[in-house]
Amino acid sequence: MAATVSICTAALGAEISATGAELVRLRDRTGADLLWDGDPAFWTGRSPLLFPMVGRARGDRITVAGRPYDMGQHGFARTSTFALVRSDAASCTWRLDASEATRQRYPFAFRLDVTYRIDDATLHMEAEVTNTGAVVMPASFGFHPALRWPLPYGKPRSEHEIVFERAESAPIRRPVDGLLSAAQFPTPVRDRHLLLNDGLFEDGALIFDTLASRSVVYGEAIRVDFPRMPHLGIWTKPGAGYVCIEPWQGYASPEGFDGDFANKPGMVPVAPGATETFAMSISVER
């Protein structure tokens, strides 16, 4: 099986890896790179998929029906090898099925299908989580694309901002040892605009757990749409050449939460035989 698959139109090109079904390259019509290159000096990720959990659980362990299971931050999909189901010039679909290895960490039967599709200058990313078992399966899902900061369009890094679809007046959260802070913090968004600077991220990600918007525009050039994803993380390591715009369903366990995985805030109960779909898109608007 190919280690990566490339898809493209005249306006946009993408490369997806079998490891994690991760988007590892995104280029505009001129060939300019829009996605972070995974420089290990800062962060080796590029656009990992977060499943079956977003964020971290207390002690990196979840509890299902009274039994503990080891579960690292953001789950295991991002380090798993996916099978290529199909591909053509502008789309591809990858699959991860439950296995003995996944059941050691997540005792449910599932199928995760991830499809990438380019339509003109828009990359659509869709994940379908199917419960192939006989009991209700709690799951969450998140996208984690790292876009270049600055983008390759001439604007200085200090002038990049994220513009939200709607006013974001609700307080935000912060990570505390990887968990969701009990404390709330004033939103840094002003009149729908978030001017990016490294100081914003000295205490980690900005976590919008009460989110009004379902789309943002980054750097006046990139539109990110996530119509059914109710939460958002924005993160970088100060000084790095990327900013992650992360649509989520779910987030890290709140400080003090140590209950059953099904009761972790943000989880979706997937009925036996049912499929839940999570989607986002990245559009180049220049």
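Just above, that's the structure.
How each quantity is defined
Residues numbered from 1 in each chain as written. Predicted model: local features only at pLDDT ≥ 70, side-chain atom pairs only at ≥ 80, totals over all residues. Heavy atoms only, no water. Helix = DSSP H or I, 4+ residues; strand = E, 2+ residues; numbered from the N terminus. Rg over C-alpha atoms; globule rule 2.2 N^0.38 Å. Buried < 20%, exposed > 50% of the residue type's maximum accessible area, 1.4 Å probe, protein only. Contact = heavy atoms within 4.5 Å. Areas by Shrake-Rupley, 256 points an atom, 1.4 Å probe, with all protein chains shown as cover. Lys, Arg positive; Asp, Glu negative; His and termini not counted. Charge placed at Lys NZ, Arg CZ, Asp CG, Glu CD. Salt bridge = Lys/Arg side-chain N within 4 Å of Asp/Glu carboxyl O. Pairing = 2+ DSSP bridges. Axes fitted to C-alpha atoms, helices over the stretch in contact; angles between N-to-C directions. Phe/Tyr/Trp six-rings, centres within 6.5 Å; stacked < 30°, edge-to-face > 60°. Lys NZ or Arg CZ within 6 Å of the ring centre and 35° of its normal. Polar contact = N/O pair within 3.5 Å; in protein donor to acceptor, adjacent residues only side chain to side chain. Core = buried A, V, L, I, M, F, W, Y, C linked by side-chain atoms within 4.5 Å.

Further remarks concern the overall build of the protein chain. Secondary structure assignment for the protein chain yields one helix and 24 strands. Here the protein chain has a C-alpha radius of gyration of 18 Å; the compact-globule value for 286 residues is 19 Å, and the two agree. Per-residue burial over the protein chain gives 53% buried out of 286 residues. Across the protein chain, contacts joining residues at least 24 apart in sequence account for 64% of those joining residues at least 6 apart. Summed over all atoms, the accessible surface of the protein chain reaches about 11,800 Å², with 47% contributed by carbon and sulfur. Taken as two groups, the 29 positive and 34 negative side-chain charges of the protein chain have centres that lie 2 Å from each other.

Okay, the pattern of salt bridges next. When their charged atoms lie close together, side chains carrying opposite charge are able to pair. Scanning the model with the defined rule gives twelve salt bridges in all. As a salt-bridge pair, R56 and D60 come within 2.9 Å of each other at their nearest N and O atoms. On the basis of relative accessibility, which here comes to 26%, the residue R56 falls in the partly exposed class. With a shortest N-O distance of 3.2 Å, R61 and D70 are connected by a salt bridge. With a relative accessible area of 46%, D70 lands in the partly exposed category. Among the charged side chains, a salt-bridge network with shared partners connects R25, R27 and D33.

The antiparallel open sheet is built from nine strands, whose spatial order is 7-8-9-10-24-20-19-14-17. Each end of this open sheet is capped by a strand with a single partner; those strands are strand 7 (83-88) and strand 17 (193-195). Across the sheet, the mean angle separating the axes of adjacent strands is 15 degrees when strand polarity is ignored. Where strand 19 (residues 215-218) lies against strand 20 (residues 222-225), four bridges are found, and the strand directions are antiparallel. Looking across to strand 20, one finds that V217 is bridged to R223.

With that out of the way, let us pick up the packing of aromatic side chains. A complete count under the given rule lists 17 aromatic pairs for this structure. An angle of 80 degrees between the planes, with centres 5.9 Å apart, marks the rings of F51 and Y106 as edge-to-face. Here F51, found in the loop between strand 4 (49-50) and strand 5 (61-64), pairs with Y106, found in the loop between helix 1 (100-103) and strand 9 (110-119); they are 55 residues apart in sequence, far enough to count as distant. Given a relative accessible area of 0%, Y106 falls into the buried group. A network of ring pairs unites the aromatic residues F51, F76, Y106, F108, F110, F141, F143, F261 and F278 as a single cluster. Directly above the ring of W149 sits R157, whose terminal nitrogen or CZ lies 3.6 Å from the centroid.

Residue placement: D209 occurs in the loop between strand 18 (206-208) and strand 19. Judged by its relative accessible area of 15%, D209 is buried. In terms of polar contacts, D209 uses its side chain to reach the side chain of R173, at 3.2 Å. Look past the residues within four positions of D209 in its chain and what remains in contact with it is P171, R173, H231 and Y251.

Here we come to the environment of R46. Along the chain, the position of R46 falls in the loop between strand 3 (23-28) and strand 4. The exposure class assigned to R46 is partly exposed, which follows from its relative accessible area of 25%. Through-space distance from the C-alpha of R46 to that of E22 is 7.5 Å; in sequence the pair is 24 residues apart. Ignoring sequence-local partners within four residues, the contact set of R46 consists of E22, L23, V24, L35, W36, D37, G38, H144, P145 and A146. In this structure the side chain of R46 is engaged in a polar contact, spanning 3.0 Å, whose partner is the backbone oxygen of V24.

Below, the discussion takes up the nonpolar core. Membership of the largest hydrophobic core comes to 76 residues, with the highest contact counts inside it found for L112 and Y116. Counting 14 residues, the second-largest nonpolar core is a separate cluster that includes L50, V54, I207 and W248.

Of all five residues in strand 21 (residues 231-235), five are buried; the element is thus mostly enclosed. Neither face of strand 21 is open: one carries H231, G233 and W235, the other L232 and I234, and all of them are buried. Bridge count for strand 21 against strand 22 (residues 242-249) is five bridges, and the pairing is antiparallel. Pairing of G233 across the sheet is with E246, part of strand 22.

What follows concerns the sheet that holds strand 3. If you trace the three strands from one edge of the open sheet to the other, you get 1-2-3, paired in antiparallel fashion. At either end of the open sheet lies a strand with only one pairing partner, and these are strand 1 (4-8) and strand 3. Each adjacent strand pair in this sheet contributes to an overall mean axis angle of 10 degrees, direction not counted. Looking at chain direction, strand 1 and strand 2 (residues 12-17) are connected through five bridges and run antiparallel. Its bridge partner lying in strand 2, S6 is registered against E15.

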